[in-house]
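Residue strings, one per chain:
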Amino acid sequence: MHTLYLVSVWLHILAASTWIGGMLFLVLVVVPWLRQKDRANAAAFLRETGNRFRNVGWAAFAVLLLTGTFNLSVRGVRLADFGDAAWRASPFGSSVLLKLTLFSAVLALSAVHDFVVGPRATRAIENAPRSAEAQTLRRYASRLGRANVVLALALVFVAVLLVRG
């Protein structure tokens, strides 16, 4: 069982690294670079890159959910613990709840960004790059992406608290 747990933790860290690294690359490298280029072509490139990374990101979310659930169960956390006020108030319990809350927020923001705002923004930019709608949607998508990066970094911090706190 210990070997399975170690493999699960490894997969969890690998999925988190892939997801966070991909987001940081998009936010810190791709988007600023694209802002220097022709907006219509940039939108097409961002759409293609975003679609490919969206698949990777959502696969990483699935791995994180499965391995995280397994890792908690190996560490003795049961569903009934979430109903226990003493467990929730403990440093470990409150860290688990905070991590799950942040993860839920990331999933919600990612869904809005990946399936609603992002596609609308890229379509608007491709159709009329300088339009008010395109600029508004681009800013909104950018803010959602940045918020997700901040939440992702907070998740990593809480993960450290779980194992080292």
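Here is a short report on the structure shown in this document. (Residues numbered from 1 in each chain as written. Predicted model: local features only at pLDDT ≥ 70, side-chain atom pairs only at ≥ 80, totals over all residues. Heavy atoms only, no water.)

**Observations concerning the overall build of the protein**
Reasoning step 1: The helix and strand inventory of the protein stands at 5 helices and 0 strands.
Reasoning step 2: In the protein, the order of α-helices and β-strands from amino to carboxyl end is α-α-α-α-α.
Reasoning step 3: Overall, the C-alpha framework of the protein stretches about 55 × 30 × 20 Å when taken along its three principal axes.
Reasoning step 4: Taking all 165 residues of the protein together, the buried fraction comes to 33%.
Reasoning step 5: A fraction of 74% describes how many contacts in the protein between residues 6 or more apart in sequence connect residues 24 or more apart. (Helix = DSSP H or I, 4+ residues; strand = E, 2+ residues; numbered from the N terminus. Buried < 20%, exposed > 50% of the residue type's maximum accessible area, 1.4 Å probe, protein only. Contact = heavy atoms within 4.5 Å.)

**Focus: a positive patch on the surface**
Reasoning step 1: A cluster of basic side chains, namely Arg35, Arg139, Arg143 and Arg146, defines a positive patch on the protein surface.
Reasoning step 2: Looking at the secondary structure, you find arginine 35 in helix α1 (residues 2-35). (Patch = residues over 30% accessible without salt bridge, like charges linked within 9 Å, V, L, I, M, F, W, Y side chains within 5 Å. Areas by Shrake-Rupley, 256 points an atom, 1.4 Å probe, with all protein chains shown as cover. Salt bridge = Lys/Arg side-chain N within 4 Å of Asp/Glu carboxyl O. Lys, Arg positive; Asp, Glu negative; His and termini not counted. Charge placed at Lys NZ, Arg CZ, Asp CG, Glu CD.)

**A few points about the packing of helix α4 (residues 91-127) against helix α5 (residues 132-164)**
Reasoning step 1: Put simply, α4 and α5 touch, their axes get as near as 8 Å, and they point 160° apart. When the axis of α4 is compared with that of α5, the two are roughly antiparallel. Handedness of the crossing formed by α4 with α5: left-handed.
Reasoning step 2: Broken down by class, the residue content of the contact of α4 with α5 amounts to 27 nonpolar, 5 polar and 4 charged. (Axes fitted to C-alpha atoms, helices over the stretch in contact; angles between N-to-C directions. Parallel < 35°, antiparallel > 145°, perpendicular 65-115°, else oblique. Left-handed = near helix turned anticlockwise from the far one by under 90°. Nonpolar A, V, L, I, M, F, W, Y, C, P; charged D, E, K, R; others polar.)

**Points about α4**
Reasoning step 1: Across its 37 residues, α4 extends 51 Å between first and last C-alpha, which sits within 8% of the 54 Å expected from 1.5 Å per residue.
Reasoning step 2: The largest bend in α4 is about 40°, located at histidine 113. (Expected span 1.5 Å × (residues − 1). Bend = angle between axes of the 7 residues up to and from the residue.)

**Overview of a nonpolar patch on the surface**
Reasoning step 1: A cluster of nonpolar side chains, Val7, Trp10, Leu11, Leu14 and Val63, forms an exposed patch at the surface whose accessible area comes to about 420 Å².
Reasoning step 2: Looking at the nonpolar patch, the element that brings in the most residues is α1, giving 4 residues.
Reasoning step 3: Tracing the backbone through its elements, the reader meets leucine 11 in helix α1.
Reasoning step 4: The partly exposed category is assigned to leucine 11, whose relative accessible area is 33%.

**Let's talk about the nonpolar core**
Reasoning step 1: By size, the foremost hydrophobic cluster in this structure holds 21 residues, and its most contacted members are Trp19, Met23, Phe61, Leu64, Val106 and Leu155.
Reasoning step 2: If you list the elements that add at least two residues to this core, you get α1, α2 (39-74), α4 and α5.
Reasoning step 3: Counting residues per element, this core draws most heavily on α1, at 8 residues.
Reasoning step 4: Beyond its immediate stretch of four places on either side in the chain, tryptophan 19 contacts Phe53, Gly57, Ala60, Phe61, Leu64, Val106, Ala152 and Leu155.
Reasoning step 5: Within the second largest apolar cluster, 8 residues are counted, among which are Val117, Ala121, Ala124 and Leu137. (Core = buried A, V, L, I, M, F, W, Y, C linked by side-chain atoms within 4.5 Å.)

**Points about the environment of valine 56**
Reasoning step 1: Within the secondary structure, valine 56 is located in helix α2.
Reasoning step 2: What makes valine 56 partly exposed here is its relative accessible area of 39%.
Reasoning step 3: Each C-alpha atom of the pair valine 56 and alanine 15 lies 9.3 Å from the other, and the pair is 41 residues apart in sequence.

**A look at the packing of α1 against α5**
Reasoning step 1: Axis separation between α1 and α5 bottoms out at 10 Å; the angle between their running directions is 150°. Where α1 crosses over α5, the two elements pack in a sense that is left-handed. Residue-level contacts link Trp19, Ile20, Met23, Leu24, Val27 and Arg35 of α1 to Arg138, Ser142, Gly145, Arg146, Asn148, Val149, Ala152, Leu153, Leu155 and Val156 of α5.

These values are about where atoms sit, not about what they do.
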